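# Residue-level structure breakdown
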Amino acid sequence: MAPSTYDAHRKRQAAPAARTVRDAELKTLITEAYEANYRVYGARKIWRHLNRREVAVARCTVERLMRELGITGAVRGKKMITTVPDASAERAPDLVDRDFVAPPRTDAGSSTSPTPPRSPASST
């Protein structure tokens, strides 16, 4: 093994990398911002929050660290189910006598039906 390779390996084992140290600091700041804002802030809002507090960090770094922490922002548009029907309850009577059955189709898809006439434009 080359001496420079050995020295680099020993150096990495002696002290953590600068990125690891910075990530640990940023994770605490991200978690604080997330908790302070009712756990609804996503990566973009946390990134802007940190930059307002003069913490220079890239948005992709915030996204990566949030994935590592397992936190996500609130997602709009998901409807919450508030009522669960009781399967054992009796159904309301059908007072209109609705019939949701389609009438039988007599000629659709049968092999004995005549071929449709050609249009004049396609006969050329």
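So, a few notes on the structure that sits alongside this text. Counting restarts for each chain: residues are numbered from 1 in the order of the written sequence. Under the rules for a predicted model, residues below a pLDDT of 70 receive no local features and side-chain atom pairs below 80 are neither given nor counted, while totals for whole chains, interfaces and linings still include all residues. Each side-chain value is worked out from all heavy atoms of the structure, with water and hydrogens disregarded.

### A few points about a positive patch on the surface
In this scheme, patches are assembled from residues that exceed 30% relative accessible area and form no salt bridge. Like charges are connected within 9 Å, while nonpolar side chains (Val, Leu, Ile, Met, Phe, Trp, Tyr) are connected within 5 Å. Note on areas: Shrake-Rupley, 1.4 Å probe, and residue coverage restricted to the protein chains presented here. Should a side-chain nitrogen of Lys or Arg be within 4 Å of a carboxyl oxygen of Asp or Glu, the pair is scored as a salt bridge. Neither His nor the chain ends is counted toward charge; the positive residues are Lys and Arg and the negative residues Asp and Glu. A charged residue contributes its charge at one atom only: NZ of Lys, CZ of Arg, CG of Asp or CD of Glu. A surface patch of like charges, here positive, comprises Arg44, Lys45, Arg48, Arg52 and Arg76. Looking at the element boundaries, Arg44 is found in helix H3 (residues 43-52). Every helix listed is a DSSP run of H or I at least four residues long, and every strand listed is a run of E at least two residues long, numbered separately from the N terminus.

### So, the nonpolar core
What makes a nonpolar core is a set of buried Ala, Val, Leu, Ile, Met, Phe, Trp, Tyr and Cys residues whose side-chain atoms join them at distances within 4.5 Å. Burial classes: relative accessible area under 20% of the type maximum marks a residue as buried, over 50% as exposed, and values in between as partly exposed (1.4 Å probe, protein chains only). Grouped together as the largest cluster of nonpolar side chains are 14 residues, with contacts concentrated most on Ile30, Ile46, Leu50, Val62 and Met66. Elements with a contribution of two residues or more to this core: helix H2 (18-36), H3 and helix H4 (59-69). The dominant element in this core, judged by the number of residues it contributes, is H2, at four residues. Among all residues touching Ile30, those that are not within four sequence positions of it are Ile46, Leu50, Val62, Leu65, Met66, Leu69 and Ile71. Throughout, a contact is declared for two residues whenever any of their heavy atoms are within 4.5 Å.

### Comments concerning unusual backbone geometry
A positive phi angle, near 60°, is found at Arg39, a position not held by glycine. Looking at where Arg39 falls in the secondary structure, it is placed in the loop between H2 and H3. Judged by relative accessible area, Arg39 falls into the partly exposed class, the value being 47%. Of note, the phi angle at Glu54 is positive, near 65°, even though the residue is not glycine. Tracing the backbone shows Glu54 in the loop between H3 and H4.

Interpretation in functional terms is not warranted from these geometric data alone.
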